[in-house]
Amino acid sequence: MIASSNMVIVATLLLLMSAASHVASFSHVSSAGKRNCCLHSQATDLEMTNNGRSTTESPSFVIALTREEGKNGKLNKALQSNSNIKQVISSSSGSAMEVNEIPCIAHADGPDSDILGKTLSSSDFDYVAITSPEAAKVFATAWIDEGRPKVGSVAAVGKATQEALKAYGIDVAFVPSKATAATLVKELPTLEEATNEGRSTSLLYPASAKAQDTLQNGLEERGFIVTRLNTYDTVTATWTPEEESLAKSTTVACFASPSAVKAWVKNTAQLDCPRALAACIGETSFAACKKNGWKEEDIFYPEKPGIDGWAESVANALQCLAEDKC
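Below you will find a few notes about this structure. (Residues numbered from 1 in each chain as written. Predicted model: local features only at pLDDT ≥ 70, side-chain atom pairs only at ≥ 80, totals over all residues. Heavy atoms only, no water.)

Our focus in this paragraph is the pairing of strand E8 (residues 225–236). Two strands pair when backbone bridges link them, and strand E4 (residues 105–109) and E8 are joined in this way by 5 bridges, in the antiparallel orientation. Paired with Ala-108 across the strands is Asp-233, a residue of E8. Inspection of the sheet shows strand E7 (residues 202–208) paired to E8 by 7 bridges, in the parallel sense. Paired with Ser-202 across the strands is Ile-225, a residue of E8. (Pairing = 2+ DSSP bridges. Helix = DSSP H or I, 4+ residues; strand = E, 2+ residues; numbered from the N terminus.)

Despite not being glycine, Arg-148 has its phi angle at roughly 55°, a positive value. Here Arg-148 shows up in the loop between helix H5 (133–145) and strand E6 (153–156). Not every positive phi belongs to a glycine, and Asp-324 is a case in point at roughly 55°. Following the sequence through the fold, Asp-324 ends up in the segment after helix H13 (307–322). For Asp-324, a relative accessible area of 69% puts it in the exposed group. (Buried < 20%, exposed > 50% of the residue type's maximum accessible area, 1.4 Å probe, protein only.)

A few words now on the packing of aromatic side chains. With the rule as written, the count across this model stands at 5 aromatic pairs. With centroids separated by 6.5 Å and ring planes inclined at 35°, the aromatic side chains of Tyr-127 and Phe-224 adopt a geometry described as tilted. With Tyr-127 in strand E5 (residues 127–130) and Phe-224 in the loop between helix H9 (214–221) and E8, this residue pair connects regions lying 97 residues apart in the sequence. Judged by its relative accessible area of 4%, Phe-224 is buried. Taken together, a centroid distance of 6.0 Å and an interplanar angle of 75° make the contact between Phe-255 and Trp-264 edge-to-face. Judged by its relative accessible area of 3%, Trp-264 is buried. Among the aromatic side chains, those forming a connected cluster through ring pairs are Trp-239, Phe-255, Trp-264 and Trp-294. Against the face of Trp-294 rests Arg-275, its NZ or CZ located 4.1 Å from the ring centre. (Phe/Tyr/Trp six-rings, centres within 6.5 Å; stacked < 30°, edge-to-face > 60°. Lys NZ or Arg CZ within 6 Å of the ring centre and 35° of its normal.)

So, about the pattern of salt bridges. Across all of its chains, the model carries 10 salt bridges by this definition. Of the charged contacts in the structure, one is a salt bridge between Glu-68 and Lys-71, with a shortest N-O distance of 3.2 Å. Among the residues examined, Glu-68 registers a relative accessible area of 12% and is labelled buried. Of the residues examined, Lys-71 reaches a relative accessible area of 34% and is grouped as partly exposed. Overlapping salt bridges, with partners in common, bring together Glu-68, Lys-71 and Glu-134 in one network. (Salt bridge = Lys/Arg side-chain N within 4 Å of Asp/Glu carboxyl O.)

This is a description of form; function is not addressed.
Structural data, given as structure tokens:
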């Protein structure tokens, strides 16, 4: 009788131990799954390039895309397809890459936004100069709202701006050989009709309130009559705690404007983290990085601005990190 009772007790203890083991195992798997989900949610479409390694590994290269929310897709796609980036990752043993969207800037109405439409419908200009995709959006929206009035020949600073204008059905008559305001100033021809009529070539410049005076002053020095309207403004984006955490782990930050550079510096000023390398779309952002304290050897930018060259600058920054030269 006693022996039988002991056997029942032993069996019961074995069942309880087995159940406890199962519960512990289930809890461990759930926790790991949660960590993996969090990592996935922080990455953009590129996520990680890791040669088959687990996505829960800590990445060696963390890239921040800093354009305004929703406008980082083209660079993200270029990074994903860049052969030199793939080569750096594959040749760096134990390395992985993570790409995060951390918007540094947001757009707001400028002081002249309300008069842009009326200006388009009531004034004649030989040229309209558009110097960014955002300026193209603001200009096109006002033009459409005003009933698509006839405007002068449209000059776009580069291909990205040209594509943005074409998306709204606006033909572009002039694009400079290099996507900078300085090159546009040098290459934009005066209008022959204006010269024949004995007057100066006129130009409307719908700009960001924070845009430099390079285009305006340069064209005026050449004899153009420039009407500048500050139609939108660029403001520093407010980061969430999650974005602050991502910024702290960033090794390469990608910049497309001086405003983004200044916003990154402002938002990271109170974070306890080393300064990331800078990959810039062109020399204007490069100059802004130098002005804001980056060492020249820690800034990478292409000779000719553009998405593909920008992605190549990221590749060069990653190569520098992989070789421990930065």
